[in-house]
Amino acid sequence: MRNVFIVFGLAALFLAASVSVRAADLATPTRLAKQHKRALNPAHNHGKHTTAARKGATAHRSGHAAAVARHRAQGRAGVRTRHGRALRQAAAEPAGPVAEPVALHSRSRVATVAPMVGSAESLARQNEMTDAEGLERILDEDDLADRIAQKLLVPVPESPALTVNANLPENHRFCRPWTADFLTDLAQAHAARFGHALEVSSAVRTVEYQKQLMLTNGNAAAAEGDIVSPHLTGGTIDIAKSGLGRAEVSWMRSWLLPLQTAGTIDVEEEFHQRCFHITVYKNYTSPPPAPEQKPHRKRTAPRSQVASRDL
């Protein structure tokens, strides 16, 4: 037994000596220098680091693409939701009033002026005024020719600013001298503002002509009696509205209204025949010139060649 214990003791001493030698070998300066050099050299683990970096970048790009896709989908859904909500709200709300132009002398817009609608009272006043001025009614074509010869009637003052409807007979293109003055003033003011001509669609008439007109025109005033068409005296003319834009019609109303208020003219705006029926009185005087404005571009569309008939 003693020998056995001796063997085991020697074996233990041998093992302990081997472990000490191995630890000493690992702790040698040469071994430590190699480990330090390996730790400082980044190329040693380059393959492992590159693989990890590639996996990380791929994961980052995948995550970013997914986030962008989610953001775009949410944006489109939000736009559709807001658009649908706006459409439903617009459909539920009543339409508001349309704004009208307000600047009377604006180059691009003209204020909307109320129509100068005629009435029985206006027609009666026109007859009273012409009677007070001593203007007789022209009976027939011979009577008309006689008054033209006496220069009681003068030609409608045609010019680049004023034309006469081609269907109007030559001997019916006459009016009273003060009516001719009015036409000259109106046409020049209109041409300065809009750059093209107005058109006279009707002027002097005879009782005979008015009777024929009554057979075809339900709007025509009487040819005989206390209240008749003021065209029979030669003091009344019609200005065609055909070819006039909304701005021009409003300008006409605004130009004529002060003269009617002053009692120098009477205006009845007609819509069936589309004209301004204007009776001019002897007391008419030319209005002061309007401020100079740049003319509108000339119209190229042809004017209507159908004669307009009215009161």
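Everything numeric here is computed off the predicted structure, so don't read it as measured data.

## Examining the packing of aromatic side chains
Phase 1 of the analysis: Counting across every chain of the model gives 4 aromatic pairs.
Phase 2 of the analysis: Consider the rings of Phe182 and Tyr284, whose centres lie 5.6 Å apart with planes at 85 degrees: the pair is edge-to-face. Of this pair, Phe182 sits in helix 6 (residues 177–194) while Tyr284 is found in the segment after strand 7 (275–280), placing the two residues 102 residues apart along the sequence.
Phase 3 of the analysis: Between Trp251 and Trp255, the ring centres sit 6.3 Å apart and the planes meet at 25 degrees, which makes this aromatic pair stacked. In this pair, Trp251 and Trp255 both sit in helix 8 (residues 246–261), 4 residues apart, roughly one turn of the helix. Grouping residues by exposure puts Trp251 and Trp255 together as buried.
Phase 4 of the analysis: Here the aromatic residues Phe182, Phe194, Trp251, Trp255 and Tyr284 are joined through ring pairs into a cluster of three or more.

## Looking at the side chain of Thr233
Phase 1 of the analysis: Examined against the element boundaries, Thr233 turns out to sit in the loop between helix 7 (207–216) and strand 5 (236–240).
Phase 2 of the analysis: Looking at Thr233, the relative accessible area reads 3%, which means it is buried.
Phase 3 of the analysis: Polar side-chain contacts of Thr233 include one of 3.0 Å to the backbone oxygen of Pro230.

## Re helix 4 (residues 120–132)
Phase 1 of the analysis: Taking 1.5 Å as the rise per residue, helix 4 with 13 residues should run 18 Å; its terminal C-alpha atoms sit 18 Å apart, in good agreement.
Phase 2 of the analysis: Here the buried face of helix 4 lies against strand 6 (265–270) and strand 7.
Phase 3 of the analysis: Directly after helix 4, the chain includes Gly134, whose backbone phi takes a positive value near 75 degrees.

## Re the sheet that holds strand 5
Phase 1 of the analysis: An order of 2-4-5-7-6 is seen for the 5 strands of this open sheet, with the pairing classed as mixed. Of all the strands in the sheet, just strand 2 (162–164) and strand 6 have a single pairing partner and so form its edges. Across this sheet, the average inter-strand angle for adjacent strands is 30 degrees, counted without regard to direction.
Phase 2 of the analysis: Where strand 4 (residues 198–202) lies against strand 5, 2 bridges are found, and the strand directions are antiparallel. Looking at strand 5, one finds that Val200 is bridged to Ile239.
Phase 3 of the analysis: Where helix 6 meets the sheet, it contacts strand 2, strand 4, strand 5, strand 6 and strand 7, and its direction lies at approximately 20 degrees from that of strand 5.

## Quick word on the side chain of Thr130
Phase 1 of the analysis: With respect to the helices, strands and loops of the structure, Thr130 is situated in helix 4.
Phase 2 of the analysis: Since its relative accessible area comes to 6%, Thr130 is described here as buried.
Phase 3 of the analysis: A polar atom in the side chain of Thr130 sits 3.0 Å from the backbone oxygen of Asn127.
Phase 4 of the analysis: With sequence-adjacent residues up to four places away left out, Thr130 is seen in contact with Leu135 and Thr233.

## A look at the pattern of salt bridges
Side chains that carry opposite charge are capable of pairing whenever their charged atoms lie near each other.
Phase 1 of the analysis: For the structure shown, the criterion picks out 7 salt bridges.
Phase 2 of the analysis: A salt bridge links Arg147 to Asp143; the nearest nitrogen and oxygen atoms lie 3.0 Å apart. Here Arg147 and its partner Asp143 are both found in helix 5 (residues 141–149), 4 residues apart, which amounts to about one turn of the helix.
Phase 3 of the analysis: Accessibility expressed as a relative area gives 11% for Arg147, which makes it buried.
Phase 4 of the analysis: Taking relative accessible area as the criterion, Asp143 reaches 17% and is therefore assigned buried.
Phase 5 of the analysis: Salt bridges sharing common partners tie together Glu136, Asp143 and Arg147.

## What about the pairing of strand 7?
Phase 1 of the analysis: Counting buried residues along strand 7, 6 of its 6 residues qualify, which places the element largely inside the surrounding structure.
Phase 2 of the analysis: Burial along strand 7 is two-sided: Cys275, His277 and Thr279 facing one way and Phe276, Ile278 and Val280 facing the other are all buried.
Phase 3 of the analysis: As paired elements, strand 5 and strand 7 share 5 bridges and run antiparallel to each other. Bridged to Ala240 within strand 7 is Cys275.
Phase 4 of the analysis: Alignment of strand 6 against strand 7, held across 6 bridges, turns out to be antiparallel. Of the residues in strand 7, the one forming a bridge with Asp266 is Thr279.
Phase 5 of the analysis: Linkage of strand 6 to strand 7, two consecutive antiparallel strands, is achieved through a turn of 4 residues, within which Arg274 is found at a positive phi near 55 degrees.

Definitions and cut-offs
Residues numbered from 1 in each chain as written. Predicted model: local features only at pLDDT ≥ 70, side-chain atom pairs only at ≥ 80, totals over all residues. Heavy atoms only, no water. Phe/Tyr/Trp six-rings, centres within 6.5 Å; stacked < 30°, edge-to-face > 60°. Helix = DSSP H or I, 4+ residues; strand = E, 2+ residues; numbered from the N terminus. Buried < 20%, exposed > 50% of the residue type's maximum accessible area, 1.4 Å probe, protein only. Polar contact = N/O pair within 3.5 Å; in protein donor to acceptor, adjacent residues only side chain to side chain. Expected span 1.5 Å × (residues − 1). Contact = heavy atoms within 4.5 Å. Pairing = 2+ DSSP bridges. Axes fitted to C-alpha atoms, helices over the stretch in contact; angles between N-to-C directions. Salt bridge = Lys/Arg side-chain N within 4 Å of Asp/Glu carboxyl O.

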